[in-house]
Amino acid sequence: MKAVLMPKDAPAVTGEADEIARMQRLFERQMRAFDAAPYPLLAARKAKLRKLIDALRRYQDDIVAAVNEDFGVRADTETRLVEVMGPILEARHALSHMGRWMKPRRRSTELLFLGNRAWVSYQPKGVVGIIGTWNFPLYLTLGPLVAALAAGNRAMIKTSEFSPRCTALLTSMLAECFEEDEVAVCGGAVAAAQAFNALPFNHLVFTGSPRVGRQVMRAAAEHLTPVTLELGGKSPAIVGPDADLADAALRIAHGKAFNAGQICVAPDYALVPRGKSDAFAAAVADAFTRLYPTVGGNAEYTSIITERHAARLRELLADAQSKGATLLRCGTDPGSGRQMPLTVVTRVADGMQLMQEEIFGPILPVLEYDRLDDALALVRRGERPLSLYGLGLSAADQARVLKETHAGGVTFNDWGWHVFQHDLPFGGIGHSGMGSYHGEEGFRELSHAKGVFKRQRWFPVGLFYPPYGNFVQRLVMKVFIGSATPKPPPR
Ligand code: NAD
């Protein structure tokens, strides 16, 4: 499967050069501030997370309004659930556990060094860069921010050019909580994103497409900046032979309709047992219509972010239809503006564009399989996805799915909810990304795990110095590698 090809019609941004100059100044300020206070204590880190939680609670109506303006329509509840509650849950989880995460961890020494001490100490890396996307402009920037602050770092956030109102809101909300040398928000379009990417951050968390992810990693390599890449891909949903079809259809319809399918972990396509695709498509259509009796003008049904993104989705449908697919548009409402009803596509072939790139919208291709082995082989043939879903699989088949396929994360009997469990790591594998955040893994990702060895004064390490070949060295070599070093040369 090919890389995701998202539209590149970035809106023109004025003052791009000023923004680039500003981010350079900010970076230097943050580096200086970090050098002056390189290890914030637990209480200071907790205070920052509490400020963030308070601000999210206070600003929630403004957040709903800003996201709504950027999208055209975004369901109020979806915004509160993901953009407001998501980072709050993440911060609350960190507040409960970060005291333990910060503690040095004792490790064993080699037998030879018995009586000495070894431990791992977790140190803030410094200034962390965070690049986010438009589909969840707050959750996907504030989530990494929670991990960065819990780990004692400073952070600069670069938002997407497709969510300018959210950028403005995030800027003022975070300015109320933090000094700019602690947390800062940068706007601008692609040139600004590239300039941001060129800064020598101590760590960079990028959320976006695999195509841009490659560029980000290349640019970060210039400074050997470590990267966490949170990318996308084609996340499969496997419906088991004995699954309750109506229930599986409801779960998948919800995954494709929430934020109008513009979610990195949305089920991209469904795999159903041979002969069931028409019944499954009808069940998805039925479920969608119950969830959204109308589409056009429905304040609970999210718009596609721009006309260009909507045109891309329509092109995917036209391409599939021209190559023999059957299209089932859910409901009778054709939608209006950028509100597009879900379309289920059956009789799908590999050569169709919608099987070659991440869909990221309300289109669901349905493929049939004969045996579970065939479904797993099909998943393995593609790039490693960000998520994988199994619905109505037996326990034995769930175990096979886990062992025989790779995916960033998995939800059984539903879609997406593993991401909302903030004690679980969230991240991709291969084409869907590298590294992870959320919970303890986020803290570790943005901390430097420093291995420390402390020799006790009395420890006779001099026995390992030259001249080589003394009795102790010979004995040690004999015991550990089965041969003795030669006797010392005469002096
Ligand atoms: P994108 O890759 O086009 O853009 C992401 C961000 O990168 C934007 O802020 C953009 O300004 C910036 N950017 C663009 N060009 C850049 C460059 N050359 N150097 C540095 N930064 C650059 O992605 P998008 O269209 O905003 O989002 C959709 C993609 O993101 C999908 O593939 C989706 O699966 C993925 N995604 C992943 C996650 C996740 O958590 N894994 C979450 C949401 C979206």
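Residues numbered from 1 in each chain as written. Predicted model: local features only at pLDDT ≥ 70, side-chain atom pairs only at ≥ 80, totals over all residues. Heavy atoms only, no water.

(A) Here's a closer look at the domain arrangement of the chain. By domain assignment, the chain separates into domain 1 (16-231 + 437-448) and domain 2 (236-427). Relative placement of domain 1 and domain 2: their C-alpha centres are 30 Å apart. Residue-level contacts link 26 residues of domain 1 with 28 residues of domain 2. Carbon and sulfur atoms make up 61% of the surface buried where domain 1 meets domain 2, a total of about 2,400 Å² over both sides. (Domains from an automatic or database assignment. Contact = heavy atoms within 4.5 Å. Buried area = accessible area lost by both parts, 1.4 Å probe.)

(B) Inspection of the nonpolar core at higher detail. Membership of the largest hydrophobic core comes to 72 residues, with the highest contact counts inside it found for Ile238, Val239, Val265, Leu271, Phe280, Leu354 and Leu364. If you tally residues by element for this core, the top one is helix 10 (residues 277-291), at 7 residues. Lining this core are residues from two domains, each supplying at least three of them: domain 1 (16-231 + 437-448) and domain 2 (236-427). Excluding residues that lie within four positions of it along the chain, Leu354 makes contacts with Lys234, Asp268, Leu316, Ala320, Val345, Val348, Ile359, Ile363 and Pro365. Formed by 49 residues, the second largest nonpolar core is a distinct cluster that contains Tyr122, Leu138, Ala151 and Leu169. (Core = buried A, V, L, I, M, F, W, Y, C linked by side-chain atoms within 4.5 Å. Buried < 20%, exposed > 50% of the residue type's maximum accessible area, 1.4 Å probe, protein only. Helix = DSSP H or I, 4+ residues; strand = E, 2+ residues; numbered from the N terminus.)

(C) Examining the site of the ligand more closely. Residues in contact with the ligand amount to 31 residues; listed here are only the nearest, Gly132, Glu161, Ser209, Leu231 and Glu358. Within the backbone of Gly132, an N or O atom sits 2.6 Å from an oxygen atom of the ligand. Within the side chain of Glu161, a nitrogen or oxygen atom sits 2.6 Å from an oxygen atom of the ligand. When the ligand is considered free in solution it has 850 Å² of accessible area, and contact with the protein chains removes 97% of it. Mapped onto the shell around the ligand, the elements with two or more residues apiece are helix 7 (190-197), strand 6 (203-207) and helix 8 (210-221). Looking at the shell around the ligand, its residues break down into 15 nonpolar, 12 polar and 4 charged. No fewer than three residues from each of domain 1 (16-231 + 437-448) and domain 2 (236-427) sit in the shell around the ligand. (Near = heavy atom within 4 Å. Polar contact = N/O pair within 3.5 Å; in protein donor to acceptor, adjacent residues only side chain to side chain. Areas by Shrake-Rupley, 256 points an atom, 1.4 Å probe, with all protein chains shown as cover. Nonpolar A, V, L, I, M, F, W, Y, C, P; charged D, E, K, R; others polar.)

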